[in-house]
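Breakdown of the fold
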Amino acid sequence: EKDKYKTQIPKFLTTKDDKDQRKSSDDLERSIFKFKKSNAEKSKKMEKEEKFFRETSMHDKEIRVINTATVKCSVPSKSRIDLPITAGEQLDVIDVMEGNEVICRNSKGRYGYVLAEHLNFR
């Protein structure tokens with residue numbers, strides 16, 4: 001029964017519809033590619049951050065997330081090895097140091113030292 005209605009549609013309208021469908025799938029492929037590309041750039045930046053952190057802190061252990069914490073108060077970093085933190089931010093805790101410092105990683109992939117007193121552990 002559907003075919004009966006389809007024959008009544010002028011030919012030039014159906015080809016335009018087909019073209020629109022093709023175009024939208026091309027756009028979709030393009031946006032997927034764009035997404036993949038930005039992910040690749042992001043992971044490259046994260047690798048760079050990890051390499052820098054390892055060089056500056058002499059941290060040679062495997063990087064494993066041992067806990068997550070929420071930042072209590074914003075603290076700017078005093079040096080490149082300190083992690084600047086913002087209140088409410090979620091951090092991955094990588095390692096616990098002597099004293100009251102922990103090594104954390106933020107959502108941008110940057111590593112650094114944070115005082116445990118600035119963090120809320122769940």
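The rules behind these values
- Residues numbered from 1 in each chain as written.
- Predicted model: local features only at pLDDT ≥ 70, side-chain atom pairs only at ≥ 80, totals over all residues.
- Heavy atoms only, no water.
- Phe/Tyr/Trp six-rings, centres within 6.5 Å; stacked < 30°, edge-to-face > 60°.
- Helix = DSSP H or I, 4+ residues; strand = E, 2+ residues; numbered from the N terminus.
- Buried < 20%, exposed > 50% of the residue type's maximum accessible area, 1.4 Å probe, protein only.
- Contact = heavy atoms within 4.5 Å.
- Pairing = 2+ DSSP bridges.
- Salt bridge = Lys/Arg side-chain N within 4 Å of Asp/Glu carboxyl O.
- Axes fitted to C-alpha atoms, helices over the stretch in contact; angles between N-to-C directions.
- Core = buried A, V, L, I, M, F, W, Y, C linked by side-chain atoms within 4.5 Å.

**Overview of the packing of aromatic side chains**
- The full count for this structure, using the stated rule, is 1 aromatic pair.
- Ring centres 5.1 Å apart and planes at 15 degrees place the aromatic pair F53 and Y111 in the stacked group. Taken together, the residues span a long stretch of sequence, with F53 in helix α2 (residues 11-57) and Y111 in strand β4 (residues 111-115) at a distance of 58 residues.
- Classification of F53 by relative accessible area gives buried; the value is 3%.

**What about the side chain of E49?**
- By the element assignment, E49 lies in helix α2.
- In contact with E49, other than residues within four places in its own chain, are R80, G109, R110 and Y111.

**Some points on the pairing of strand β1 (residues 67-71)**
- Here β1 runs beside strand β2 (residues 90-96); their pairing, made up of 4 bridges, is antiparallel. Residue N67 lies in a different strand from β2, and its bridge partner there is V93.
- For β1 and strand β5 (residues 119-121), the ladder comprises 3 bridges, and the chain directions are antiparallel. Residue pairing for β5: V71 is matched across the bridge by L119.

**Concerning the pattern of salt bridges**
- The tally for this structure, following the rule as stated, stands at 5 salt bridges.
- Across the salt bridge formed by R54 and E50, the nearest N and O atoms sit 3.2 Å from each other. Residue R54 and its partner E50 are located together in helix α2, separated by 4 residues, close to a single helical turn.
- Looking at R54, the relative accessible area reads 26%, which means it is partly exposed.
- In this structure, the salt-bridge partner of E55 is K51, at a minimum N-O distance of 3.6 Å.

**What to know about the sheet that holds β2**
- The strand order across the open sheet formed by 5 strands is β4-β3-β2-β1-β5, and the pairing between neighbours is antiparallel. The open sheet has two edge strands with one neighbour each: β4 and β5. The mean angle between the axes of side-by-side strands here comes to 45 degrees, regardless of whether they run parallel or antiparallel.

**Some words on the nonpolar core**
- Formed by A69, V71, L83, I85, L91, V93, V102, C104, V114 and L119, the largest nonpolar core amounts to 10 residues.
- Among the secondary structure elements, those contributing two or more residues to this core are β1, β2 and β3 (101-105).
- The contacts of I85, once residues within four sequence positions are left out, are V71, C73, S74, V75, L91, V114 and H118.
- F53, I94, I103 and Y111 belong to the second-largest nonpolar core, a separate cluster that totals 6 residues.

**Things to note about the pairing of β3**
- Pairing analysis gives 4 bridges linking β2 to β3, with the strands arranged antiparallel. Of the residues in β3, the one forming a bridge with V93 is C104.
- Here β2 folds back onto β3, and the loop between the two strands holds 4 residues, one of which, G99, carries a positive phi near 85 degrees.
- As defined by bridge partners, β3 adjoins β4 across 5 bridges and the pair is classed as antiparallel. Looking across to β4, one finds that E101 is bridged to L115.
- Counting the residues that bridge the hairpin from β3 to β4 gives 5 residues, and of these G109 lies at a positive phi of roughly 90 degrees.

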